[in-house]
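Summary of the model geometry
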Amino acid sequence: MLNFSAISLPGFLIRRITLAFSTIPDFTDWLVAAMLALVYTLIALSVGFWSGFLKVDVQTSRRTIVGVLLGCLLSPGITEELWFRVLMLPHPFEKASGLMLWLWGCASLAVFVVYHPLNALTFYPVGRSTFMNPVFLLLAAILGVACSLAYLQSGSIWPAVAIHWLAVTGWLLLLGGYRRLYG
C-alpha cells in the first residue's frame, strides 16, 4: 500500500503519469487489449447498426484521413486516457484493493461519460446532438470500461490509447462519425 503522507499530491500524480507512459506493454497486455477491442467492436457494431447510430460512410479524402489518424491519437486518444484513466485510476504500483479499484473505476467511468455532453455544451457545440445521443453515451461507456480494463491490466497508457484511437478513428473514417460531427 502506498504511503500518501510521504509524497505530495503533485509528486504522486507525476509518478502515475511517468509510470503510465514509460511502462512498456508486454505480449499479454497487447493480447488483452486486442480482445477488449474486439469485444467492444462487436458490441458497438451491433448496437450502432441496430439503433441507426452507425452507418457505413467511408471517408476518402487523404487530408481527412491523415488529419483524423494523427489528430485522434492526441485527442481523444492520449489526452482522454491521461485524464480519465491515468490520473483517476490507481496504478498497479499502488496495490489498491479491489474495492478501491471498483470505486475509482466507477467514478472515472461516470466522469468520462458526463464529460462528453458537458464538452458539447461548452467547448464543442457542433457535437451537441451526437454527444448527447443515448447510443453514443452507451458506446462511450462501454469504450471507457474497455480502456479502463486495458490500463489496469497493463499499467501502461498505450493499450488504452490504442483501443480508444481505433474506436474513434474507425467511427470517424468508416461509420459516419465524420459526417455526423462535421457535416
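Residues numbered from 1 in each chain as written. Predicted model: local features only at pLDDT ≥ 70, side-chain atom pairs only at ≥ 80, totals over all residues. Heavy atoms only, no water.

Brief notes about a nonpolar patch on the surface
Nonpolar side chains collect at one region of the surface, where F27, L31, M35, L38 and L42 lie side by side and expose about 540 Å² of accessible area between them. Mapped onto the secondary structure, L42 falls in helix 2 (residues 27–51). (Patch = residues over 30% accessible without salt bridge, like charges linked within 9 Å, V, L, I, M, F, W, Y side chains within 5 Å. Areas by Shrake-Rupley, 256 points an atom, 1.4 Å probe, with all protein chains shown as cover. Salt bridge = Lys/Arg side-chain N within 4 Å of Asp/Glu carboxyl O. Helix = DSSP H or I, 4+ residues; strand = E, 2+ residues; numbered from the N terminus.)

Structural notes on helix 7 (residues 157–174)
Taking 1.5 Å of rise per residue, the 18 residues of helix 7 would be expected to cover 26 Å, and the 25 Å separating its terminal C-alpha atoms lies within 8% of that figure. Burial runs high along helix 7: 13 of the 18 residues are buried. Its side-chain oxygen placed 3.2 Å from the backbone nitrogen of W158, S156 serves as the N-cap of helix 7. G176 sits one or two positions beyond helix 7 and adopts a positive phi of about 90°. (Expected span 1.5 Å × (residues − 1). Buried < 20%, exposed > 50% of the residue type's maximum accessible area, 1.4 Å probe, protein only. Polar contact = N/O pair within 3.5 Å; in protein donor to acceptor, adjacent residues only side chain to side chain.)

Considerations on the side chain of D57
The topology assignment puts D57 in the loop between helix 2 and helix 3 (62–86). A polar contact of 2.7 Å, which involves the side chain of D57, links it to the side chain of R179. Beyond its immediate stretch of four places on either side in the chain, D57 contacts L173, L174, L175, G176 and R179. (Contact = heavy atoms within 4.5 Å.)

Focus on the pattern of salt bridges
Enumeration over the complete set of coordinates arrives at three salt bridges. We note a salt bridge from R179 to D57, for which the minimum N-O separation is 2.7 Å. Here D57 lies in the loop between helix 2 and helix 3 and R179 lies in helix 8 (residues 177–182), a separation of 122 residues in the sequence. Accessibility expressed as a relative area gives 47% for R179, which makes it partly exposed. The class for D57 is buried, based on a relative accessible area of 15%. Close ionic contact of R85 with E81 constitutes a salt bridge, the shortest N to O distance being 2.8 Å. Here R85 pairs with E81, and both are found in helix 3, just four residues apart, close to one helical turn. The exposure classification of R85 matches that of E81, with both residues buried.

Quick look at the nonpolar core
Formed by 43 residues in total, the largest nonpolar core has its most connected members in F53, F136, I163, W171 and L172. When contributions to this core are tallied by element, the ones reaching two or more residues are helix 2, helix 3, helix 4 (98–122), helix 6 (134–154) and helix 7. Per-element tally for this core: the top contributor is helix 6, with 11 residues. Contact partners of I163, with chain neighbours within four places excluded, come to A33, L36, A37, L143, A146, C147 and A150. (Core = buried A, V, L, I, M, F, W, Y, C linked by side-chain atoms within 4.5 Å.)

Comments concerning the state of the cysteines
Summed over all chains, the structure comprises zero disulfides. Lacking any disulfide linkage, C72 is separated from the closest cysteine sulfur, that of C147, by 13 Å. The cysteine C106 is free of any disulfide, with C147 supplying the nearest cysteine sulfur at 16 Å. Look at C106 and you get partly exposed, because its relative accessible area is 38%. (Disulfide = S-S within 2.5 Å.)

Points about the packing of helix 6 against helix 7
The relative placement of two packed helices is expressed as an angle between their axes plus a distance between the axes. It is at 7 Å that the axes of helix 6 and helix 7 come closest, and there the two elements cross at 155°. On the basis of the axis angle, helix 6 is roughly antiparallel to helix 7. When the axes of helix 6 and helix 7 are compared, the crossing they make is right-handed. Mapping the contact onto sequence places F136, L143, A146, C147, A150, Y151 and S154 in helix 6 and I157, P159, A160, I163, H164, A167 and W171 in helix 7. In the contact of helix 6 with helix 7, the residues fall into 12 nonpolar, two polar and no charged. (Axes fitted to C-alpha atoms, helices over the stretch in contact; angles between N-to-C directions. Parallel < 35°, antiparallel > 145°, perpendicular 65-115°, else oblique. Left-handed = near helix turned anticlockwise from the far one by under 90°. Nonpolar A, V, L, I, M, F, W, Y, C, P; charged D, E, K, R; others polar.)

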